[in-house]
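What the coordinates show
The chain contents come next:
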Amino acid sequence: MTLKVYSTLTNEKEEFKSIIPNHVGMYVCGPTVYGLPHMGHAKSYVCFDVVRRYFEYLGYKVKYVQNITDVGHLVGDADEGEDKIQKKSRLENLDPMEVAYYYETKYFEAMDKLNVLRPSISVRATGHIIEIIDTIKTLIEKGAAYVTDEGNVYFDITKFKDYGKLSGRKIGEGLSGERIEIAKDKRRNEDFSLWKKADETHLMKWASPWSVGYPGWHIECSVMSKKYLGDTFDIHGGGIDNMFPHHESEIAQSEVANGVKFVNYFMHNNLVTVGGKKMGKSLGNSSALEEVFKKVAPIEVRYYLLLNQYRRPTEFNIEAMLKNGEAYKEMCEVVTKGKEKFGVSDEITSDKVKEHKTMFLDAMDNDFNTALAISYLLKASKELSSELEKGEQDAKLISDYVNFFDKVANPILGLPFELENKTASDSSDDTSLTNQVIEELLTVRSELKKKGEYSLSDEIRNKLNSFGVEVKDSKDGFSFKIVNK
Ligand SMILES: [Zn+2]
């Protein structure tokens, strides 16, 4: 078994070889924090979380760097329009940093719920302005960037001979899609912005040799990946929609500035679609994870996303998520039953389970084919279920099945096969638990009152009151109401 990774640079599945033995350096383009995290984010970061987890399972030490774009991502791709965060802060009358921090928090909260491990390093563009300015200086010195009279700096794509090696685009083909006006001071359409002069109203701006302004979007990823992973690193990941112009521009900047290959493997996850069309915040048809989680438990959303290999699109469909969520829960039930009865074996020795494990790992080795890997889990779960129904049960065999789910599938896919996962409807149980706790406290308070411990009993009432619990005393005891839970 050798791990093969599909690299968009060669459009081939290549055998994976890391630069440093047993270490993997990976950089994944993070979110632009100006809106709530949506299904597109979930797909991308769950997929790369599995990539990271699989390397860790294989014994690699993974350094996973992910950026937070908190400045410089413009509304249009052709260096036109407003900075996305600046626009949001203007609309909501907030400081841009408030906007960025608020949505960054929302992003991580949603990822935690999806069981996505936090990056080894999470880096913000606004924290790297000095390094960005330095890199732009290098590009100007090398003749690959030019400063315009307006105080803007652009990368001259004709100075990078391999331009288009990722996306297959050629100079002169122009930028795709409907674009509004292209910046007037560019030499050619495809040249892209490294530094933009800020106008008076712009809030996030820094002094530079060229103007008081802010960096372009692409440069941050080149600068931060170099800082934490070196000039050349193993894997760069991102959504397929970022391949052009974002990743193409990253390659151009980095390879000119550093004079060496940027990354060895470029991985792109496919998109979440609605009726076959891309879902995304900027297109206005996205579905915020907050809303999705009210209908489908986050862990079931994760399971659903892994039912497609990462290079295939995922159709957004609540019904389908719920239906597949049932299958996942059934697996959890069977595994829990087996575990409760016979525990987890130390090592899989039964031939049947060994074979499932081999097939599962082969699927993962084949460019992280989670779809195929999960099919072996479904098979194993059926077999385990019928083993559990037998009159005479094979303890070792059952604990081997549990091992397969618990020690192989769970660490790799990030899917705990346990029943205690919160489901979307579990919140009602929380309420009943809260009520029980309040009831208990108030009973204790009644006892205190009987003993004349009034200050302590008042303290309990006041504390509860501060949590929004209104307590009413009556002749035959008490009653309470939760007013602002
Ligand atoms: Zn990026």
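Residues numbered from 1 in each chain as written. Predicted model: local features only at pLDDT ≥ 70, side-chain atom pairs only at ≥ 80, totals over all residues. Heavy atoms only, no water.

**Considering the domain arrangement of the protein**
Spelled out, the test is: Either an automatic procedure or a domain database provided the assignment from which the domain bounds are taken. Computed with a 1.4 Å rolling probe, the buried area is the accessible surface lost when two parts are put together, summed over both parts. Only one rule defines a salt bridge in this text: a Lys or Arg side-chain nitrogen within 4 Å of an Asp or Glu carboxyl oxygen. Residues adjacent in sequence count toward polar contacts only when both atoms are side-chain atoms; beyond that, a polar contact is any pair of N or O atoms within 3.5 Å, and within protein one must be able to donate a hydrogen and the other to accept it. Helix and strand labels come from DSSP, where a helix needs a run of H or I of at least four residues and a strand needs a run of E of at least two; each type is numbered from the N terminus. Here the term charged refers only to Asp, Glu, Lys and Arg, the term nonpolar to Ala, Val, Leu, Ile, Met, Phe, Trp, Tyr, Cys and Pro, and the term polar to all other amino acids, Gly among them.
By the assigned domains, the protein splits into domain 1 (4–269), domain 2 (289–422) and domain 3 (425–482). Put simply, the middle of domain 1 and the middle of domain 2, counted by C-alpha atoms, are 35 Å apart. Summed over both sides, the interface between domain 1 and domain 2 buries roughly 2700 Å², with carbon and sulfur atoms accounting for 66% of that surface. Contact with domain 2 buries area across many residues of domain 1, yet M39, Y54 and Y57 alone supply 27% of it, more than any other trio. At the surface where domain 1 touches domain 2, the tally comes to two salt bridges. Across the pair E290 and K106 runs a salt bridge whose closest N-O atoms are separated by 3.0 Å. Our count for the contact surface shared by domain 1 and domain 2 stands at 15 residue pairs in polar contact (both at pLDDT 80 or more). Counting only elements with at least two residues in the side of domain 1 that touches domain 2, the list comes to β1 (4–7), α1 (39–57), α3 (96–113) and β11 (263–269). It is α1 that contributes the most residues to the side of domain 1 that touches domain 2, 12 residues altogether. Here the residues of the side of domain 1 that touches domain 2 are counted per class, giving 18 nonpolar, four polar and seven charged.

**Remarks on the coordination of the zinc ion**
So the rule is basically this: Because water is not among the atoms used, a metal site may look incomplete, as its donors are only the N, O and S atoms within 2.8 Å, or 3.2 Å for Na, K and Ca. Here the metal geometry follows the donor angles, with tetrahedral for four donors whose angles all fall between 85 and 135 degrees, square planar for four and octahedral for six when opposite donors are more than 155 degrees apart and every other angle is between 65 and 115, and irregular for all the rest. Only protein chains enter the accessibility calculation, which uses a 1.4 Å probe. A residue is then buried if its area is under 20% of the maximum for its type, exposed if over 50%, and partly exposed in between.
Protein-derived coordination of the zinc ion comes from C29 (SG), C221 (SG), H246 (NE2) and E250 (OE), at a distance range of 2.1 to 2.7 Å. Considering all four donor atoms around the zinc ion, angles at the metal cover 72 to 132° and the coordination shape is irregular. For the zinc ion, all donor residues lie on one chain, and their spacing in sequence is C-x191-C-x24-H-x3-E. Here the residue C221 occupies a position in helix α5 (residues 217–229), and E250 occupies one in helix α6 (residues 243–258), the gap between them amounting to 29 residues. This pair shows no difference in class: C221 is buried, exactly as E250 is.

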